[in-house]
Amino acid sequence: MHDRPLDGAVALVTGASSGIGAATARRLAREGAAVALVARRRSRLDQVASDIAKLGGEAVALEADITEPERADDMVQDALDRFGRLDILVNNAGIMLLNSALHTTIEEWDRMISLNVAALLRVTHAAIPHLIYAASTSPRQVADLVNVSSTAGRVARPGSSVYGLTKSGLNAFAESLRQELLSERVRVSVVEPGTVDTELVNHLSDTTRDAARRQVDGIEALRPEDVADAISYIVTRERRVAVNEMLVRAGDQRW
């Protein structure tokens, strides 16, 4: 019987309390990875960790608001203290606040930039040296940095100007990192989901949320597990293979 492809590897997943993050954590654990779960909601993290333990996996819940600068660094260090290494980082935490520039508030824009951009940069900066070390010392001889972007990073639509800015910016950041880290055998990837059935729309106002749901009415949305499948595929490839970008739309989605 073959070993699971991620046996001995350690993954850190941000936004791991629900949706894509929780599904990804469970999937990577099934592939053999020990998983550090990062999010603000401790009770939800504990549930995901319990689910992973029931599968025979290993996980630690790290409660953290990564928009606080020092917590981003601390959280990476906490994962290292617990597991001793870091082979995979999944930058999944994000928020989507849809509104027109006329009707939004600067605070909504700031919230998206704080989590989708600034926090992601800090976590990534803290993790890179440890990913490089893991690539050079692990049996896999490769490490992975996976960034969850969005179709909004490719297709601009009304009401999503700053959300799209954060995701298209993430795509450019990831491509630059990909080129920088090639020689270190750290693979950098972007996964761009389309419409997914998650809690992402729960942060919207009632009016905007209703409009967003009307827009996707009639579309069978992706499930978080579908995106977790994509992430699992990327990080379980042999060392010679780098899947740098994966666009995953719902089958009925036009944009």
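It should be emphasised that the depicted structure is a prediction, and the values quoted were computed from it without experimental measurement.

Caption draft 1: Geometry of the UniProt feature "domain: Ketoreductase" (unreviewed entry) in the protein. Per the UniProt annotation, the sites labelled "domain: Ketoreductase" (unreviewed entry) are residues 9–197. From the first C-alpha to the last, residues 9–197 spans 29 Å; its make-up is 49% helix and 18% strand.

Caption draft 2: View of the sheet that holds strand β7 (residues 245–248). Taken in spatial order, the 7 strands line up as β3-β2-β1-β4-β5-β6-β7 in an open sheet, and their pairing is parallel. One side of each edge strand has no neighbouring strand; the edge strands of this open sheet are β3 (59–63) and β7. Each strand of the sheet is rotated relative to its neighbour by a mean of 15°, with strand direction disregarded. Pairing geometry for strand β5 (residues 143–148) and strand β6 (residues 186–193), over 6 bridges, is parallel. From the neighbouring strand, D144 faces β6, where its bridge partner is R187. Along the sheet face, helix α2 (residues 42–54) touches β2 (34–39) and β3 and points at about 175° away from the line of β3.

Caption draft 3: Quick peek at unusual backbone geometry. Phi at Q141 takes a positive value of approximately 60°, unusual for a residue other than glycine. Here Q141 shows up in the loop between α4 (106–137) and β5. A residue is classified by how much of its surface remains accessible, and Q141, at 31% relative accessible area, is partly exposed.

Caption draft 4: Seen up close, the pairing of strand β4 (residues 88–91). Judged by which residues are buried, β4 turns out to be covered on both faces: I88 and V90 on one side and L89 and N91 on the other are all buried. Inspection of the sheet shows strand β1 (residues 10–14) paired to β4 by 3 bridges, in the parallel sense. Looking at β4, one finds that V13 is bridged to V90. Bridging between β4 and β5 involves 4 bridges; their strand directions are parallel. Following the sheet pairing, L89 is matched in β5 by L145.

Caption draft 5: The packing of helix α3 (residues 69–83) against α4, seen in detail. Between α3 and α4, the shortest axis-to-axis distance is 8 Å and the interhelical angle comes to 30°. It follows that α3 is roughly parallel to α4 by the angle criterion. Once α3 is placed against α4, the crossing between them reads as right-handed. Counting all contacts with α3, which are made through P69, A72, D73, M75, V76 and L80, the residues of α4 involved are R122, V123, A126, A127 and H130. Looking at side-chain class alone, the contact of α3 with α4 contains 8 nonpolar, 1 polar and 2 charged residues.

Caption draft 6: Seen up close, a negative patch on the surface. A contiguous patch of negative charge on the surface is contributed by E220, E225, D226 and D252. Looking at where D226 falls in the secondary structure, it is placed in helix α7 (residues 224–235). Judged by relative accessible area, which is 31%, D226 ranks as partly exposed.

Caption draft 7: Examining the nonpolar core more closely. Ranked by size, the top nonpolar core spans 42 residues in total, and within it L12, I66, M75 and L131 carry the most contacts. For this core, the secondary-structure elements that each account for two or more residues are β1, β2, β3, α3, α4, β5, α5 (161–181) and β6. Here this core gets 9 residues from one element, more than from any other, and that element is α4. With residues up to four places along the chain from it excluded, the contact list for I66 reads T14, V38, A72, M75, A93, L115, A119, R122 and V123. In this structure, V148, V196, I219 and A230 belong to the second largest nonpolar core, which totals 37 residues.

The rules behind the values
Residues numbered from 1 in each chain as written. Predicted model: local features only at pLDDT ≥ 70, side-chain atom pairs only at ≥ 80, totals over all residues. Heavy atoms only, no water. UniProt positions renumbered as here; feature names shortened; annotations may be inferred. Helix = DSSP H or I, 4+ residues; strand = E, 2+ residues; numbered from the N terminus. Pairing = 2+ DSSP bridges. Axes fitted to C-alpha atoms, helices over the stretch in contact; angles between N-to-C directions. Contact = heavy atoms within 4.5 Å. Buried < 20%, exposed > 50% of the residue type's maximum accessible area, 1.4 Å probe, protein only. Parallel < 35°, antiparallel > 145°, perpendicular 65-115°, else oblique. Left-handed = near helix turned anticlockwise from the far one by under 90°. Nonpolar A, V, L, I, M, F, W, Y, C, P; charged D, E, K, R; others polar. Patch = residues over 30% accessible without salt bridge, like charges linked within 9 Å, V, L, I, M, F, W, Y side chains within 5 Å. Areas by Shrake-Rupley, 256 points an atom, 1.4 Å probe, with all protein chains shown as cover. Salt bridge = Lys/Arg side-chain N within 4 Å of Asp/Glu carboxyl O. Lys, Arg positive; Asp, Glu negative; His and termini not counted. Charge placed at Lys NZ, Arg CZ, Asp CG, Glu CD. Core = buried A, V, L, I, M, F, W, Y, C linked by side-chain atoms within 4.5 Å.

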